[in-house]
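Structural overview for review
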Amino acid sequence: GALPAGTLVWSASIGQDTQGLPMKHPIYRSVDAGKTWNALNANCGVGQKARGGDGTGIWEPELFVAKDGQLVCMYSDETETGLSQVLKISSSADGVTWTAPRLLVGGEKPTDRPGMAVTSRLGDGSYLMSYEFCSTAGLDCRVYLKRSADGLDWGSPTDKGFEPKTAAGQWFRHAPTHVWLPAQKRIALIGQILNTSAGSVDAAGNGGTVFISSTADGSGTWTTMAAPVVPLPPPTQTNWCQNYSTPLLPTADGKQLLMLASDFETVSGAQVCRTRFARGNLPS
């Protein structure tokens, strides 16, 4: 049967420290607004290799509901033989029985590493995915966007989609997230590091910039707004903490953007990663 109305569903990458067994993405559900959770004894993804160092992990499960009501799972898979990493997608009507994973975004070269998918449903009912396209041959990690009419068909796996850029040619790399802004009928987007048209780090805006689309589907050039939270100092290299998968959320009145961002802090002489939050005014 289908998942009951009001069900919350959650997953995570399990098995990173368990050598000799493949990593999994188990599914948990809650029917009481997140107060209690139960395992569904199901996985939306399973690695094709036993865990044992680099190249044996699956990561970053992203769950959402497709237009036809199916639960969809996207995840990064580095267990494909001969490939560094790909993005995969599977779906389920009940959260228990899942389709065989199929390729969502693949690389042009064995060294390519598309990953870290985040999705949202836009105002017209279509879907937008943001992700990073990295490579072991050079960690550029450019941010790309792809669109889908129904959340299930994302086109050819060899089609990267399109790069969100400002009129000045600024672009993000690594760990992107985005959110639909209902009041503005626009999209807000952020990545870990802001780059210039020349490819170098944008010293003026890096770490403190959010992109706002100029159209409802993300096409065309993007404008910018000041980020509510700014890492100190801003990241100049890809790392696992600063502005990493930064959540964005418009306030209920549509006037402000809530942002949670992680950053390094020194506590008792040790460097730790902590999350801060703040709100900033959205353009009208």
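Below: a short report on this structure. Positions within a chain are numbered from 1, following the residues in the order the chain's sequence is written. Where totals are concerned, whole chains, interfaces and linings use all residues; where local detail is concerned, this predicted model gives features only for residues with pLDDT of at least 70, and gives and counts side-chain atom pairs only at 80 or more. Think of the side-chain values as coming from all heavy atoms in the structure, minus any hydrogens and water.

1. As for the sheet that holds strand β7 (residues 102–105)
A pair of strands counts as paired when DSSP detects no fewer than two bridges linking them. Secondary structure elements follow DSSP: runs of H or I of four or more residues count as helices, runs of E of two or more count as strands, with numbering from the N terminus. On the basis of which strands lie adjacent, the open sheet formed by four strands has the order β4-β5-β6-β7 and antiparallel pairing. Looking at which strands have only one partner, the edges of the open sheet turn out to be β4 (58–65) and β7. Between one strand axis and the next, the sheet turns by 30° as a mean value, whatever way the strands run. In this sheet, β7 lies alongside strand β6 (residues 86–92) in antiparallel orientation, the contact comprising three bridges. Its bridge partner being in β7, Lys88 is matched across the sheet by Leu103. A fitted line through C-alpha atoms represents every axis, and for helices the fit uses only the stretch in contact; the resulting angles, taken between N-to-C directions, go from 0 to 180 degrees.

2. With respect to the state of the cysteines
Cysteine sulfur atoms are paired as a disulfide whenever they come within 2.5 Å of each other. Evaluation of the coordinates by the stated rule reveals three disulfides. Through a disulfide, Cys134 is tied to Cys141; the S-S separation comes to 1.9 Å. Handedness here is read from the sign of the S-S torsion; for Cys134 and Cys141, about 115°, the answer is right-handed. With a 1.4 Å probe rolled over the protein chains alone, any residue whose accessible area is under 20% of its type maximum counts as buried; one over 50% counts as exposed, and the rest are partly exposed. The exposure class assigned to Cys141 is buried, which follows from its relative accessible area of 2%. With its sulfur 2.0 Å from that of its partner, Cys241 forms a disulfide with Cys273. Negative torsions about the S-S bond denote left-handed disulfides, and the value of about 95° found for Cys241 with Cys273 makes this one right-handed.

3. What about the environment of Lys67?
Turning to its location among the elements, Lys67 is positioned in the loop between β4 and β5 (71–77). Take Lys67: its relative accessible area is 44%, and that puts it in the partly exposed class. Sequence separation between Lys67 and Ala167 is 100 residues, and the spatial gap between their C-alpha atoms is 33 Å.

4. Focus on the sheet that holds strand β1 (residues 8–11)
Spatial strand order, β1-β2-β3: three strands in an open sheet with antiparallel pairing. On the outer flanks of this sheet lie β1 and β3 (38–46), each paired with one strand and no other. Across the sheet, the mean angle separating the axes of adjacent strands is 30° when strand polarity is ignored. Bridge analysis of β1 against strand β2 (residues 24–30) gives four bridges, and the strand direction is antiparallel. Within β2, the residue paired with Ser11 across the bridge is Ile27.

5. With respect to the packing of aromatic side chains
Where two aromatic rings form a pair, the distance of their centres and the angle of their planes describe that pair. Stacked, tilted and edge-to-face are the three classes applied to pairs of Phe, Tyr and Trp rings, where Trp contributes its six-membered ring and a pair requires centres within 6.5 Å; stacked means planes under 30 degrees apart, edge-to-face means over 60, and tilted covers the rest. Under the definition given, this model contains seven aromatic pairs. Here the aromatic rings of Phe64 and Tyr127 are separated by 5.6 Å at their centres, their planes lie at 45°, and the arrangement is tilted. With Phe64 in strand β4 and Tyr127 in strand β9 (residues 127–135), the pair connects residues that are 63 residues apart, well separated along the chain. Note on accessibility: Phe64 and Tyr127 belong to one class, buried. Plain terms: the ring middles of Phe133 and Tyr144 are 6.1 Å apart, the flat faces sit at 70° to each other, and that makes the pair edge-to-face. Here the residue Phe133 occupies a position in strand β9, and Tyr144 occupies one in strand β10 (residues 142–148), the gap between them amounting to 11 residues. Exposure class is identical for Phe133 and Tyr144. Each is buried. Among the aromatic residues, those joined into a ring-pair cluster are Tyr131, Phe133 and Tyr144. Definition used: whenever NZ (Lys) or CZ (Arg) falls within 6 Å of the ring centre and also within 35 degrees of the ring normal, the charge is taken to sit over that ring. Directly above the ring of Phe133 sits Lys160, whose terminal nitrogen or CZ lies 4.3 Å from the centroid.

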